[in-house]
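Listed below are the residues making up each chain.
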Amino acid sequence: MSNETLIFPFVRIVGQEKMKKALLLNIVDPSIGGVLIKGEKGTAKSTSVRSLTQILPMRPTVVGCPFHCDPRYPKRMCAQCREKLAKGEKLESQDMPMTVVELPLSATEDRVSGTLDLEHVLKTGEKKFEPGVLAQANGNVLYVDEVNLLDDHIIDLLLDSAAMGVNYIEREGVSFSHPAKFILVGSMNPEEGSLRPQLLDRFGLCVDIEGEKDVDVRMEVIQRRMEFDRDPEAYLESCKDEIEEIRNKIIATREILPNVRMDQSIIRYIVMISIHFKLEGHRADITMMRAAKANAALDGRTEVTKEDLRTVAPLVLTHRLKKRAFDEATFDEKELNVCLGM
Amino acid sequence: MSWDVSQTYYPFSAIYGMEETKKALMCAIANRRIKSVLIKGPSGTGKTLVARSLGYISGKSIVNVPLNVTDEQLFGCLDFETAIKEGKVILQDGLLKRADGNILYMDDINLFEHRMVTGVIDAVLSGKVLIERENVSESYDVDTILVASVNNNDSYLSPSILDHFDMCVNVDYPEDADGRIEILMRSLEFDTDPDAFIAKYREQDEEVARKIAEASEIVTNSEPTKDLLETIATVCKKMAIDGHRGDLSTAYVALTLAALDGRSEPVEADVVEAASLCINHRRKIPKGRRVDRQKKIARSVVGFNTESRAMTKLPHDTVKMDEASADTPSAADIDTSGNHVSKDEEQERKHKEAEDVITKIGETFKTIDLFEGVDTRNRGKGAANGKRFQQMSADRTGRAVGSKMTDSKNPDMAFDATVRASAPFQKIRHENTDSDMAVIIEKQDIREKIRETKKSSTFLFAVDTSGSLIIRNRMVAVKGAILSLLKEHYIKRDRVGFMTFNEKAINMLLPPSREVEVIYKLLDDLAIGRRTPLSAALVYLNEYMSMYVKKRPGEDCYVILVTDGEANVPLDPTDTETDAIQEALEIARKINLPTVKWIVIDSEKRYDKERHAKEFAEALHGTYYTLDDLRVETYEEINLVHTATVKIL
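Residues numbered from 1 in each chain as written. Chains lettered and ligands numbered in written order. Predicted model: local features only at pLDDT ≥ 70, side-chain atom pairs only at ≥ 80, totals over all residues. Heavy atoms only, no water.

Peer 1: Let's hear about the domain arrangement of chain A: which residues, and what values?
Peer 2: Put simply, an interface is often sized by how much accessible area is lost when its parts join up. Residue and element names in this part refer to chain A. On domain assignment, one finds that chain A holds domain 1 (3–57 + 98–209) and domain 2 (258–339). For domain 1 versus domain 2, the distance between C-alpha centres works out to 24 Å. Counting residues at the interface gives 18 residues for domain 1, matched by 15 residues for domain 2. Interface of domain 1 and domain 2: buried area, both sides summed, is about 1500 Å²; carbon and sulfur atoms make up 64% of it. If you sort the residues of domain 1 by the area they bury against domain 2, L25, D201 and C206 come out on top, with a joint share of 32%. Here domain 1 and domain 2 share zero salt bridges between them. One can count seven residue pairs in polar contact (both at pLDDT 80 or more) joining domain 1 with domain 2. Contributions of two or more residues to the side of domain 1 that touches domain 2 are made by α1 (17–28), α9 (197–202) and β11 (205–209). Looking at the side of domain 1 that touches domain 2 element by element, the count peaks at six residues for α1. Among the residues forming the side of domain 1 that touches domain 2, the class breakdown is ten nonpolar, two polar and six charged. (Domains from an automatic or database assignment. Contact = heavy atoms within 4.5 Å. Buried area = accessible area lost by both parts, 1.4 Å probe. Salt bridge = Lys/Arg side-chain N within 4 Å of Asp/Glu carboxyl O. Polar contact = N/O pair within 3.5 Å; in protein donor to acceptor, adjacent residues only side chain to side chain. Helix = DSSP H or I, 4+ residues; strand = E, 2+ residues; numbered from the N terminus. Nonpolar A, V, L, I, M, F, W, Y, C, P; charged D, E, K, R; others polar.)

Right, dumping it as C-alpha cells:
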C-alpha cells in the first residue's frame, strides 16, 4: 500500500495560502528553519503537511547509506560516506524522493536519536548503532503533530539537532554522530497549551490558521473532499499535471536561489522591522533575510523587493513578538507597512 | 565509533560585537589555569556561534556535550566488547576523555541534570575523572576548558554552580541599526559562499591565535603579585563575595588580560575588567537589578589602591576617590571609553534609575519562590531551586538518566547496562553453557532504567473580589503578585486555575489548565462585589479539590487564597447570628486534603488591624504571606521569607 496515493492532494487544498507559502519557502531553502502551524482542529494542518510528499522533488542519495547522504555535498556527509570518499571509492548515487517523516507523540528518546542495536549485540557481542527517526529525517521533512504535547526533553532534542544539523548520540553505550539536516514542521492546537517562548524562537516561521468563514468557500472544501473520498485515485490522477507543475517550480526555484541578490536597503528594512517590533537576538533577522530571498526566487526573480518582505515578515514575526507577562501581542500589518514606508 | 561530522563554522573574527565574550574566551584559551566560561544571553544572540568558532583561534576541537548524554558515556564505563571477547575489564573512554586537550562545550547548561553538571565541573576544575562503577575502578586526567551557555530567559543556575565558573559574560548584542545591519550583511555573505568567507577572515583569526600564543607564553612565567592579590581581595570583600574562587579567577584573568596586551604586569584597567568578568555572577544580586554598578565599585577600589601602591596607571584617566564614596554621586564616574561623564548626565541617569524601580514595583512583583519553601520536605535535597520540578518517574516516561538493579518481572530494561553487567562473566558462562548467542544474560545482570520526568503541579488561585479589596486599591498589587507567579509557572508547564468569590457568586473562571494566558484577560475584567462569603468559598474549594485530586493522583496541588480574611457573609446569608469569621475558620480547620497545600496571601494593608488572614493560614495548615512579603527587592529578604516559611513548617 502506498500512502502517497491516499492523501488529499496539496494542490487542491482550498485557501490557507500562508501555510502553503511557509511550507514552500522551507522546501526551497531548508535553512529557514522549519514551520510551526498553529490552528484549530480540522483546518487541514496535517493534510497539508502529509501531502507535501506528492510535490517534493527527487534528490540524489548514496545507495545503502542509512542517512541518505547527498553525494553532491561531501561536507554534509556521514562519516562512513566520507571515509569511503577518502579511500577513493566511488559513491553510488540513486535518486530518491524527499519524504515526510512523521514523529509520533509516543516516541521515546532512544527511538528518536537512535540507540544500541540489541540484536547485533546479543548475536555478536559487538556494538552497533541503530539509527533512529532523526537519521531517517536527514534530508527530508520531519513532521510532529501536536508538537506542544511532546515531552520537553524530546522537543529540546529535536530543536537541537535541527539547529545544528547534526545528531549527537552519547548514550546507552553508543557514541556517535550523524548528519540530521531536516525541515522541522510542527503543528499544534493552541487550545491545548503552548510552547515555551524559547522553543518558539527556534522555529523559523509560524502561521496561525483559521477555518474558512465564507459559506461558498466552505462548500467548495466539502465538495472537493467528497469527490476525493469517492475515488481517491481518480481524483489524484485528475490533478497530476498541477502536482507536476508545482514540483517543477520547486526545482526551478532552487536553481535560481543562489543567484538572488539582496540590496543593502532591503537589509536596512529588515533591521528596521526587527527594531520596531523589539525582537531580541538575530534569529529573526536572519530568517527574514533567507525567507525573503526564497520568496523572490519562488516568484522567479533574482532581486529581493520590499514586497517580498511584506509577504514573509508576518510569518517570521507572529511567534516572536515580545509578550510582556501575559500581554496579548498581535501582529499588526499596518505597523509593518509603516516600517516599510508603504 | 567516534566519527564526527565535519562542519563549516563561522569565523571567530567575523563575529560582530560580543567583545567581552571574545575577550573572556581568549583568556581561557591563553591561560591553562582558567578553566570555565559561562556565556549568558537571550536566544539568537550568537552564544553557540562564538563557542563553535573557537576552533579557528585555538587549534583545538570543540567537543559538544549533547543534552541527552548519559553518565557512563560522559565519564566512561566498562568496555563490553573487550569484556565479552577477552574477559578483561577495561575502560571505554567517555566524552570527557575526548575533551582532554580540547574545549568542552555545553549548550543550555541549565537544561542538564544538576548532578551531571556538578560532575563535569568537578572533573574540569580538578583535571581528573574518577570512575567507580560496573567493575571499573579507574581515573584519568583531563585538561580542558569548559564553555557553557545559558539562555537567561528561562533558566536558573544555582549559586554553587555559578561560583565554579571562572568567568561569566553577558552577550551584548547591538541595539543600533548599523550593528544589526552589519551582522546581517556578514551573515548573508557567509550563507552565499562559506568557504570564501572563512578565507577572508583567516588572517584575522590567525592574528588572534598568535596573540593568544604570545599571551600564553607570558602567563606561564608570571604569578600574581602580592599587591595584585591584595587589591583583588579588597574588591571581593567590598562586594561581599563568599569564598575565594572569585579572588583567584580575578587574579588569573587580570594577568591574562595584561598578557593579551603584551604586558606582564596588570594595570588598573585589567583588574577592573577582570573583576567585572569574574565577580558579577558570584554576587548575591537580587534578580533584575542592573549589573553595571559592579564595575564602578571595582574601579573605585582599584582607584583607591592605585593612590598608595605602585600599580601602573592608565594614561588617560586617574581616579581619585575615597574608599567610602564608591557609591555616592560625588565619585567621579567614568564610562568604558574613559571619558568623564558630566554631572548632569549622571544626575539624569540616577533619576531614571529611580523611576525604573518605582514603576517596576507597581507593575509586577519580583517572583519569589513561594512554593519552594512549602515544598522542601517532600522533594529532598537534590531538588535545587530551579530543578524542583524534576523527579524520578515511576512509570516509563521521561528521560533515562541511569540504571539500577531490579527484581521486577517486566523491567524497563536498560540494555546497555545489562550487557555491561554480564560482560565480564561471558567467558565463564560460555565454558559452562552451550549457546549460539554471543552474550549470555542471566537474571542477576538485568538492569532497569532510572527515568526522570518533570513533575507538573496545579495552582489554583482563589481571589477575594469583595469591595474591601477594591476600595483600598489593593487589586493592582494582587494582580501584580498573581501575574508574576504565573509568569514563572507558565514556563514550567503547570496547570493553573483561577476562581473569584464575592457575595454575588463564587466563580470558577478558569478550571486548572495549561492555558494560562487567559488569566490575564480575566484579571483585567474582574466582577467586583461588596461582601466576602469566605465560608461558602472554602466549602466550594474543598469539594472542588477533593474531586480534582482524585483525577490527578500524585500531582502536587496548591491553592493560593488571596483574601483579607474579613469574612462577613456566613454560609446561610439570612443568618444574622453567626460570626462569619469564626464560622469560616471552623470550616478551614475541618478541611482535610492531604495532597493539597494552602498558601494564604493577605491582601490587608494596614498593620494595626487584626490579621484574620493569618488565622486562616494557621487553620488551613498553610503558609502565610502579606503582599509586601511578595515584593522582594533584596536577597536578604528572600532569605527572610524562606526562614519564615521554614518556621511555619
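After presenting the structure, the write-up continues.
Peer 1: Lay out a nonpolar patch on the surface with the relevant residues and their values.
Peer 2: A contiguous nonpolar patch, built from V221, I222 and M226 of chain A and spanning about 260 Å² of accessible area, is present on the exposed surface. The partly exposed category is assigned to V221 of chain A, whose relative accessible area is 36%. (Patch = residues over 30% accessible without salt bridge, like charges linked within 9 Å, V, L, I, M, F, W, Y side chains within 5 Å. Areas by Shrake-Rupley, 256 points an atom, 1.4 Å probe, with all protein chains shown as cover. Buried < 20%, exposed > 50% of the residue type's maximum accessible area, 1.4 Å probe, protein only.)

Peer 1: Before we move on, could you go through the packing of aromatic side chains and cite the residues and values that matter?
Peer 2: Considering all chains together, one arrives at twelve aromatic pairs over all chains under this definition. Arranged with centres 4.2 Å apart and planes meeting at 15 degrees, the rings of F129 of chain A and F176 of chain A form a pair that is stacked. With F129 of chain A in strand β6 (residues 129–130) and F176 of chain A in strand β9 (residues 174–179), this residue pair connects regions lying 47 residues apart in the sequence. F176 of chain A matches F129 of chain A in its accessibility class, with the two residues each being buried. Taken together, the aromatic side chains of Y10, F190, F197 and Y201 of chain B make up a single cluster linked through ring pairs. The lysine or arginine in question, R12 of chain A, covers the ring of Y235 of chain A, its NZ or CZ lying 5.4 Å from the ring centre. Taking NZ or CZ as reference, K22 of chain B lies 5.5 Å from the ring centre of F12 of chain B, over its face. (Phe/Tyr/Trp six-rings, centres within 6.5 Å; stacked < 30°, edge-to-face > 60°. Lys NZ or Arg CZ within 6 Å of the ring centre and 35° of its normal.)

Peer 1: Break down the side chain of S222 of chain B for me, citing the residues and quoting the values.
Peer 2: Residue and element names in this part refer to chain B. With respect to the helices, strands and loops of the structure, S222 is situated in the loop between α10 (194–220) and α11 (226–238). At a separation of 3.3 Å, a polar atom in the side chain of S222 contacts the main-chain carbonyl oxygen of I218. In contact with S222, other than residues within four places in its own chain, are R33 and L255.

Peer 1: Tell me what's going on with the sheet that holds strand β17 (residues 596–602) of chain B, and back it up with residues and numbers.
Peer 2: Residues and elements named next belong to chain B. With respect to topology, six strands assemble into an open sheet ordered β15-β14-β13-β16-β17-β18, the strand pairing being mixed. This sheet does not close on itself; its edge strands, each paired only once, are β15 (506–513) and β18 (623–626). In this sheet, neighbouring strand axes are inclined to one another by 15 degrees on average, regardless of whether the strands run parallel or antiparallel. Where strand β13 (residues 457–464) meets strand β14 (residues 495–501), seven bridges bridge the pair, whose relative direction is parallel. Bridge assignment links A462 to a residue of β14, and that residue is M499. (Pairing = 2+ DSSP bridges. Axes fitted to C-alpha atoms, helices over the stretch in contact; angles between N-to-C directions.)

Peer 1: Account for the sheet that holds β11 of chain A, with residues named and values stated.
Peer 2: All names here are of chain A. On the basis of which strands lie adjacent, the open sheet formed by five strands has the order β4-β7-β10-β1-β11 and parallel pairing. Edge strands, defined here as strands with exactly one partner in the open sheet, are β4 (100–103) and β11. The average undirected angle you get between the axes of adjacent strands in this sheet is 20 degrees. Across five bridges, strand β1 (residues 35–39) lies against β11 in parallel orientation. Its bridge partner lying in β11, G39 is registered against I209.

Peer 1: Requested: an account of the nonpolar core, with residues and values cited.
Peer 2: Grouped together as the largest cluster of nonpolar side chains are 68 residues, with contacts concentrated most on L25, L52 and M262 of chain A. Ranked by residue count, the leading element in this core is helix α14 (residues 283–298) of chain A, at nine residues. Among all residues touching L25 of chain A, those that are not within four sequence positions of it are I32, L205, A291, A294, N295, L298, V312 and L315 of chain A. A135 of chain A together with L67, L78 and V124 of chain B belong to the second largest nonpolar core, which has 59 residues in total. (Core = buried A, V, L, I, M, F, W, Y, C linked by side-chain atoms within 4.5 Å.)

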